[in-house]
Structure formats: structure tokens, C-alpha cells
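# Commentary on secondary and tertiary structure
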Amino acid sequence: MINASPSRNNTRSFSMRLPLPSRPRGGQRETRMQPHLPLSLAAIALVAGGPAQAQLCNGVSITKSPDGRALGHFPYGDAAPDALMAVPPSMAIGACRLRPEAAAALQRLLTAAAGDPAVQGRLYAFSCHRSLVHQQWTFCRTRESATGVDRAISAAPPGHSEHGTGYAVDFTVRPADGCPDAEACMAAKPAFRWLAANAPRFGLELSFPTSNKQGVKWEPWHWRWVGKSSAEPGAARARFLFAKARAAFPANPAIDPVLPRVVPPVVVRTIEQAPADEKGKKKRRRKERRRD
Ligand SMILES: [Zn+2]
């Protein structure tokens, strides 16, 4: 449910009331689409205007920062169910739905990874699009005794996850060899090194690199699709959604850095030459000295 009411400064203020979190069917992955009409409207409000408040858990809401972030996370809303397509089950652990262009790129990437012995295992997608309801469940179940601030280090508040866009994917590798999904140990695996070297070729970049100033935990498993170039079909929309994040907190490895690289001007040192008439004067003076 969405309530719209005029605020003191006469700008529209939205609040979004979500149902209490319950575990999405199908374990960690979502297997059916959640009710979406009111949530889609909420998504529009989130992306277009940016509400002043973000709802966390158990009716608790927080004031967002001036740049629209809630506990460090930008607002993304939720992609419409009919804008998503399923990734083949053989490539994912659980259901995986993404925007068609991101799904196609993911399939190409996973096919390339499967044929490369450098991966040393098999890469899979294990979390793709998440609805607002699913994200609320993900956020609120994280360290239930923790504060919202602590939770936000490793999970985005509902409406503020890149997974809501249908362009973000979490990777994992099998065999796991003792490294749980969505843990930093992934970065020590050859599969991650392969991703770091190859994912940009398929239009994916690492959203939350190590020591990112966004304040989100380093997530070597979490990548977003932005296309290899802005001309690639669908890339403009993805880049629009991620524009603020890419500008303020660049990915690494990143594709086409948003901020133009400042190239310092080339300084050419030249030997100052005296003007021709000055040279003539000097010659004349030398001749006069010889005459003396
Ligand atoms: Zn993720």
C-alpha cells in the first residue's frame, strides 16, 4: 500500500507499507512472482521522486540521505514481472530471472566459463532478480538482533537493492570446497579471478569492490549488467538506473567509467628563440665590436 501525503515543504512524500516478511517459497530463491501492482507503483515513486523515508523491518522507517540513499543504498524499486525472463535451470542454483539482455549476457558468460579450465569448477548464478517482498525478507532476516545500519552493510533495505532492477546477479562456484555462497572466500577462488578478468567482456561489472566508499560490504559475488558499451541494446536503461551509483562509487573492475578521465595537458618545453630583429641587432653589435 502506498500513502501519498503533502509534507511540510510541500513536496510529495511517499511511505510504503509492506507485509511482514515471510520466507519466500523455494528456499533462498524465489520461485513465484509476488503481488506486484502496488509495489510497482512504489517502485515508480522510488525511482522517480525518491521518498524521504525508507521502510526497514517491523514498521520501522528511516530518513534517507539527501542523495536518496537509505543506509548507503540507492533506490531501485522493482522490475515488472513481465519484463523478466528465466535463465536456463542448468545455469542457476534455484530460479533465476533477469531482464532479457542481462539474461542473454549471463548465459554467454556462463557458457564461456564452463569451457575454460581456468575457472577450476563450475560457475552458477545463485540469486538474480528479487522482488520487494523477497528483499524485505532478505534484509530483515539478516542478523535479526542487529540494527538497520548493521544489516545494511551486507543487505539492502527493500526497494534499494540492485537485485530489484533485474540487472544484478550473484555468482557462486561448485564444488564449493567449504566456501559458503555470498562469502568473501569467493575472492580467493580461481573462478573469481576468471570473473574479474572476463566479466566485463560480457557487460558485467563488480558493484561493491573492496573498500568501497558506499559503505557496503565487499561483495566479490555480486555483479551488475550495464552492457559492454552504452550502444548495446538495453544498456542505456541499465546505465540510467545505475548512473548515480556508478558516478559516485565506481565499480572495480568497471566498464566505461562514467566519470571522464581527466587527461593532463601535455606540456612541451621549448627553447625560447629570440625574435629575428633581435638576432640582427646582436649580429650588428658583434661586427661593431670586431671593428673596435
Ligand atoms: Zn547480490
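Residues numbered from 1 in each chain as written. Predicted model: local features only at pLDDT ≥ 70, side-chain atom pairs only at ≥ 80, totals over all residues.

The secondary structure content of the protein amounts to 8 helices and 10 strands. For the protein, the residues scored as buried account for 39% of the 292 residues in total. Partitioning the contacts of the protein with sequence separation of at least 6, the portion at a separation of at least 24 is 67%. (Helix = DSSP H or I, 4+ residues; strand = E, 2+ residues; numbered from the N terminus. Buried ≥ 20, exposed ≤ 12 C-beta atoms within 10 Å, placed from the backbone. Contact = placed C-beta atoms within 7 Å.)

An order of E7-E8-E10-E9 is seen for the 4 strands of this open sheet, with the pairing classed as antiparallel. In this open sheet, the two edge strands, each paired with only one partner strand, are strand E7 (122-127) and strand E9 (204-206). Shown here is a sheet whose adjacent strand axes are inclined to one another by a mean of 40°, direction ignored. Strand direction decides the pairing type here: E9 and strand E10 (residues 222-225), joined by 3 bridges, are antiparallel. Bridging across to E10, Glu-205 finds its partner in Arg-224. Where helix H2 (residues 100-114) meets the sheet, its contacts fall on E7, strand E8 (168-174), E9 and E10, and the angle it forms with E7 comes to roughly 150°. (Pairing = 2+ DSSP bridges. Axes fitted to C-alpha atoms, helices over the stretch in contact; angles between N-to-C directions.)

Put simply, Arg-174 and Pro-175 share a cis peptide bond, and its omega is 0°. Residue Asn-252 is joined to Pro-253 through a cis peptide bond whose omega torsion reads 5°. Examined against the element boundaries, Pro-253 turns out to sit in the loop between helix H7 (243-248) and helix H8 (276-291). Positioned with a positive phi, Gln-120 is a non-glycine residue whose angle comes to about 55°. Among the secondary structure elements, Gln-120 is positioned in the loop between H2 and E7. Positive phi is not limited to glycine here, since Ala-182 has a value of about 60°.

Mapped onto the secondary structure, Ser-61 falls in strand E4 (residues 61-63). Along the chain, Ser-61 and Gly-148 lie 87 residues apart, while their C-alpha atoms are 9.5 Å from each other.

It is worth spelling out the nonpolar core at this point. Within the largest apolar cluster, 46 residues are counted, with the highest numbers of intra-cluster contacts made by Val-87, Leu-98, Leu-106, Leu-109, Leu-123, Ala-125 and Val-169. Counting only elements with at least two residues in this core, the list comes to H2, E7, E8, helix H5 (190-198), E9, E10 and helix H6 (235-241). Per-element tally for this core: the top contributor is H2, with 7 residues. When neighbours within four sequence positions are excluded, Leu-109 is seen to be in contact with Ala-199, Phe-202 and Leu-204. Within the second largest apolar cluster, 13 residues are counted, among which are Leu-56, Ala-70, Val-133 and Ala-156. (Core = buried A, V, L, I, M, F, W, Y, C linked by C-beta atoms within 7 Å.)

What is shown is where atoms sit, not what they do.
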